Amino acid sequence: MKYIIIDIGSNTVKMDVFSVSGPNNITLDQRESITAGLINYIENNYMTQDGINKLCAILHQFIRQIYCIKHAQVFCLATASLRRAANAQHVIQEVFAQTHLKIKLVSEEEEALLSMKAVQHEIGPGKSGIMLDMGGGSTEKVLFDGEKILSARSMPFGCLSLYHQFVQDTLPIPAEAERIAAYVLDQFNDSLIPKQDTLYIVGGTGRAICTLHGQIHCQNSQKLYAIDTANLLALKEQLLLSNDTENQLEAIIPERKYTFMPGLIALCAIADHIKASKATFPLSNIRKGYLLSII
């Protein structure tokens, strides 16, 4: 059976095509991602018509790609990109009118739990720690112990929103980095979160960290890429102070040239705050979590 999951985020719209013959037999056949920057089309808490038109144009691109896939079930999810729009229901109705795709608006708690479901499926039973799933406009935080979810909530920041809120130029200067870290820790603030040995990081910023770290340190890619927190903090400082960082980002992860550093600074602030010994980067995402919830 084929399943197609489209994920409308604040920064990107992603599509995964899966072949499924059982919960433990899932193959990712195709992945597409288009930078949309939908958060830029929110004015006075409403998504503009230009934003709606851009979203529909992107969805039509995906529809053309998947038209030839027979007997596929298609699901379309929206997270922070629409949650904060006062006219979300109008957007959903207009997208359906133009594309015949019905958007499911995912709540903050549901987004966190779906991401966690995918991570638990990948890392296996008996693990514990904190999962962070950073998108463009929100970051989901889940504290878990084995199969038990101890707490789950969404924090109102992501790599793109942090860039718009704090960064004046292409890259943050040290003073801006300090303000990002302070803001993130203020939002993260939770006296019930104890020290955690492992932080699981999901999302595009996490994947970009693995890509950049692997390029710089010449490490082989592995399914569960892990970086000691001390090395992660060193990477942040190296990039923050280097005169060549913009060129590095342009060469290795050009699609995240603006959003990577705010996201890295935020994740480093949390990793240091909870005294995690390492950060681990599963390949899982909310799209796989949603797939697991329906099969």
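1. Examining the overall build of the chain
So, point 1. Tallying secondary structure elements over the chain gives 11 helices and 13 strands in all.
So, point 2. Against the globule reference of 19 Å for 295 residues, the chain gives a C-alpha radius of gyration of 19 Å, in line with a compact fold.
So, point 3. Dimensions along the principal axes, computed over C-alpha positions, put the chain at roughly 50 × 45 × 40 Å.
So, point 4. Intrachain contacts of the chain at a sequence separation of at least 6 include 69% that bridge at least 24 residues.
So, point 5. Each charge class in the chain was averaged separately, 26 positive and 29 negative side chains, and the resulting centres sit 6 Å apart.

2. What about the environment of lysine 102?
So, point 1. Here lysine 102 lies in the loop between helix 3 (88–99) and strand 7 (103–105).
So, point 2. As a C-alpha pair, lysine 102 and asparagine 53 span 49 residues in sequence and 16 Å in three-dimensional space.
So, point 3. Lysine 102 has contacts with Cys76 and Phe96, leaving out every residue within four places of it along the chain.

3. Side note on the confidence of the model for the chain
So, point 1. Summarising the model, the chain shows a mean pLDDT of 91, and 95% of its residues fall at 70 or more.
So, point 2. Across residues 218–222, confidence stays below pLDDT 50; counting only partners more than four residues off in sequence or on other chains, it has 5 contacts.

4. With respect to empty space enclosed by the protein
So, point 1. Evaluation of the coordinates by the stated rule reveals 1 cavity of 30 Å³ or more.
So, point 2. Its boundaries defined by the atoms lining it, the largest cavity holds a volume of some 310 Å³.
So, point 3. Taken together, 24 residues make up the lining of the largest cavity; nearest its centre are Asp7, Lys14, Met134, Gly135 and Gly136.
So, point 4. Secondary structure elements with two or more residues in the lining of the largest cavity: strand 2 (12–22), strand 8 (128–134), helix 7 (204–217) and helix 11 (286–294).
So, point 5. When residues in the lining of the largest cavity are grouped by element, the largest group, 3 residues, is from helix 7.
So, point 6. Class assignment of the residues belonging to the lining of the largest cavity gives a composition of 4 nonpolar, 13 polar and 7 charged.

5. Quick word on the side chain of glutamate 122
So, point 1. Among the secondary structure elements, glutamate 122 is positioned in helix 4 (residues 108–123).
So, point 2. The buried category is assigned to glutamate 122, whose relative accessible area is 14%.
So, point 3. A polar atom in the side chain of glutamate 122 sits 3.0 Å from the backbone nitrogen of leucine 283.

6. Re the pairing of strand 3 (residues 25–35)
So, point 1. Where strand 2 lies against strand 3, 10 bridges are found, and the strand directions are antiparallel. Residue pairing across strands places methionine 15 opposite glutamate 32, the latter belonging to strand 3.
So, point 2. Following strand 2, the chain reverses through 2 residues before pairing antiparallel with strand 3.

7. Observations concerning the sheet that holds strand 12 (residues 225–228)
So, point 1. With mixed pairing, 6 strands are arranged side by side in an open sheet as 10-9-8-11-13-12. Taken across any chain shown, the strands that pair with only one partner, and hence form the sheet edges, are strand 10 (148–155) and strand 12. Taking the axes of each pair of neighbouring strands and ignoring which way they run, one obtains an average angle of 20° across the sheet.
So, point 2. In this structure, strand 8 lies alongside strand 9 (residues 139–145), joined through 7 bridges in antiparallel fashion. Bridge pairing links glycine 129 to phenylalanine 144 in strand 9.
So, point 3. The sheet contacts of helix 8 (residues 229–241) involve strand 12 and strand 13 (278–281), and relative to strand 12 the element is tilted by about 80°.

What counts, and at which threshold
Residues numbered from 1 in each chain as written. Predicted model: local features only at pLDDT ≥ 70, side-chain atom pairs only at ≥ 80, totals over all residues. Heavy atoms only, no water. Helix = DSSP H or I, 4+ residues; strand = E, 2+ residues; numbered from the N terminus. Rg over C-alpha atoms; globule rule 2.2 N^0.38 Å. Contact = heavy atoms within 4.5 Å. Lys, Arg positive; Asp, Glu negative; His and termini not counted. Charge placed at Lys NZ, Arg CZ, Asp CG, Glu CD. pLDDT = per-residue confidence, 0-100. 1 Å grid on protein atoms, 1.4 Å probe; cavity = no way out; pocket = protein on both sides within 12 Å on 5 of 7 lines; lining within 4 Å. Points joined across faces, edges and corners; volume = space filled by probe spheres on them. Nonpolar A, V, L, I, M, F, W, Y, C, P; charged D, E, K, R; others polar. Buried < 20%, exposed > 50% of the residue type's maximum accessible area, 1.4 Å probe, protein only. Polar contact = N/O pair within 3.5 Å; in protein donor to acceptor, adjacent residues only side chain to side chain. Pairing = 2+ DSSP bridges. Axes fitted to C-alpha atoms, helices over the stretch in contact; angles between N-to-C directions.

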